[in-house]
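Residues per chain are reported as follows:
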Amino acid sequence: MKTMGGSYHNLAALAAAQFSDARQATFRSPLGQGQQSGSTLSLDSNSGRNRLIIVSNVLPIRAKRLSDGWDFEWDEDALVAQAKEGIPDEFEVVYVGSLSVDVDIMEEEEVSMQLKKLYNCAPVFISSDVKQKYYKGFCKQQLWPLFHYVLPMAPSSAGRFNSEFWQAYVKANKAFMEKVVEECSSDTEYIWIHDYHLLVLPSLLRKRFNKIRCGLFLHSPFPSSEIFRTFPKREELLRSMLNADLIGFHTFDYARHFLSCTSRMLGLEHETLRGSISIEYYGRNVGIKIMPTGVNPQRLLEGFSWPEFKWRRGELMSQFEGRQVLVGVDDLDVFKGIELKLQAFERLLEEHPEYRGKVVLVQITNAPRSTGKELVELHEAIRALVASINGRWSGPGYEPVCYLERHVPLHERIAFYTVSH
């Protein structure tokens, strides 16, 4: 396979088998089934098929229920949608994931056919109860805090391990696995798994297809071993991640923490050869790569020519004329520090009166992706801060904090970016 640029060049390492030393091995898999391997990587066989299956928790689709059916729209802003850029045209890309809305069981087949025909997407349908426990329970109340160094301090804490949530997580991952199996035309397909929602998926796929070509990219931090070892299912997650052939992290620190966990909890040491890092796991060399993810500058530049951008930018230029504009875009999440940003801005206006009436903070806050008491308290604190700052220093035609708690489309975000200082 030729070298590929863009977002796909890291996954191309799978086909090139850059982490294999081509040793012959007979091994017993961690799933309890002895297997014969032709090399240390299950990727070494080249079937010549040009197909990539991208698996994520949610499809890059906006779905809306109408009175006479469904309306689907491709979400260009979704990260997994942009991941397609850089993949050669001769590759067929199939997306596997769930929808952000519930679909009646009687409509699942029809919805599947529509999405397959329109966008080459294969939806995964999970019951509302399982989805609630899997996503808002296990992913957001347990994994997300754990990966951000927040440990439960009391039995009622959100991050306290819940076996029912864990079972829902595994059950949901099995649903994803079954859909991927449906889409696989052979056992040597390329599979690209995204993020912490699907960490047990590599093991489930490896059990079905020994030769599957599987990459896993973690979009979140990975904690140090001192933190990760507190999690009751730590070994299950580590072993499943190692059933991928290539694991990607944002930074070297995250990769280093993962390597420390595999060493201290599984007794596995990594090897470094000419800049490549790998771990030998049951006869395969698993590659570890650092893959920083950034914005797509070309898409932002293209937005300058959109009529809706020009119209909105003109409005904002008039609204903020003569003032310096600070812009923040964050999810409503306890880890984003929105309240600290507001407190810092309040301190600026307190200690530097010369900036009053001249500086505006635009805070764009996306809807929360989780629930819980901490989030409710955070929401109330942010609203109180905004009201306090605007109450103290607002004047005729001037409001120091412009707080937007709604979905802001890309053209409007670009407009805010261009008027900011």
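Residues numbered from 1 in each chain as written. Predicted model: local features only at pLDDT ≥ 70, side-chain atom pairs only at ≥ 80, totals over all residues. Heavy atoms only, no water.

> With reference to specific residues and values, describe the side chain of Asp331.
Its location among the elements puts Asp331 in strand S14 (residues 324-331). Exposure remark for Asp331: the relative accessible area of 18% places this residue in the buried category. A polar contact of 3.0 Å, which involves the side chain of Asp331, links it to the side chain of Asn366. Among residues more than four places away in sequence, those in contact with Asp331 are Lys336, Ile338, Thr365, Asn366 and Arg369. (Helix = DSSP H or I, 4+ residues; strand = E, 2+ residues; numbered from the N terminus. Buried < 20%, exposed > 50% of the residue type's maximum accessible area, 1.4 Å probe, protein only. Polar contact = N/O pair within 3.5 Å; in protein donor to acceptor, adjacent residues only side chain to side chain. Contact = heavy atoms within 4.5 Å.)

> Go over the packing of aromatic side chains with me, naming the residues and quoting the values.
Counted under the stated rule, the structure contains 21 aromatic pairs. Between Tyr134 and Tyr169 the ring centres are 5.9 Å apart and the planes differ by 35 degrees, which places this aromatic pair in the tilted class. Of this pair, Tyr134 sits in helix H4 (residues 128-147) while Tyr169 sits in helix H5 (residues 163-183); the two residues are 35 residues apart in sequence, bridging distant segments of the chain. Owing to a relative accessible area of 1%, Tyr134 belongs among the buried residues under this scheme. (Phe/Tyr/Trp six-rings, centres within 6.5 Å; stacked < 30°, edge-to-face > 60°.)

> Could you give me a rundown of helix H8 (residues 234-241), with the residues and numbers involved?
Burial in H8 covers these residues: Leu237, Leu238, Ser240 and Met241. All buried residues of H8 fall inside an arc of 165 degrees around its axis, so they share one side. (Arc of directions from axis to C-beta.)

> Talk me through the confidence of the model for the protein chain; I want residue IDs and the actual numbers.
Of all residues in the protein chain, 88% have pLDDT values of 70 or greater, and the mean over the chain is 85. Note that residues 1-11 has pLDDT below 50 and, in this model, 34 contacts with residues that lie over four places away or in other chains. (pLDDT = per-residue confidence, 0-100.)

> Break down the sheet that holds strand S10 (residues 246-249) for me, with residues and values.
Hydrogen bonds between backbone groups are what pair the strands of a sheet, and the pairing can be parallel or antiparallel. Pairing is mixed across the open sheet formed by nine strands, whose spatial order is S7-S6-S3-S8-S9-S10-S13-S12-S11. Each edge of the open sheet is held by one strand with a lone partner, namely strand S7 (121-123) and strand S11 (270-273). Across the sheet, the mean angle from the axis of one strand to that of its neighbour is 25 degrees, orientation sign disregarded. As paired elements, S11 and strand S12 (residues 276-281) share four bridges and run antiparallel to each other. When the bridges of S12 are listed, Leu273 appears paired with Ser276. (Pairing = 2+ DSSP bridges. Axes fitted to C-alpha atoms, helices over the stretch in contact; angles between N-to-C directions.)

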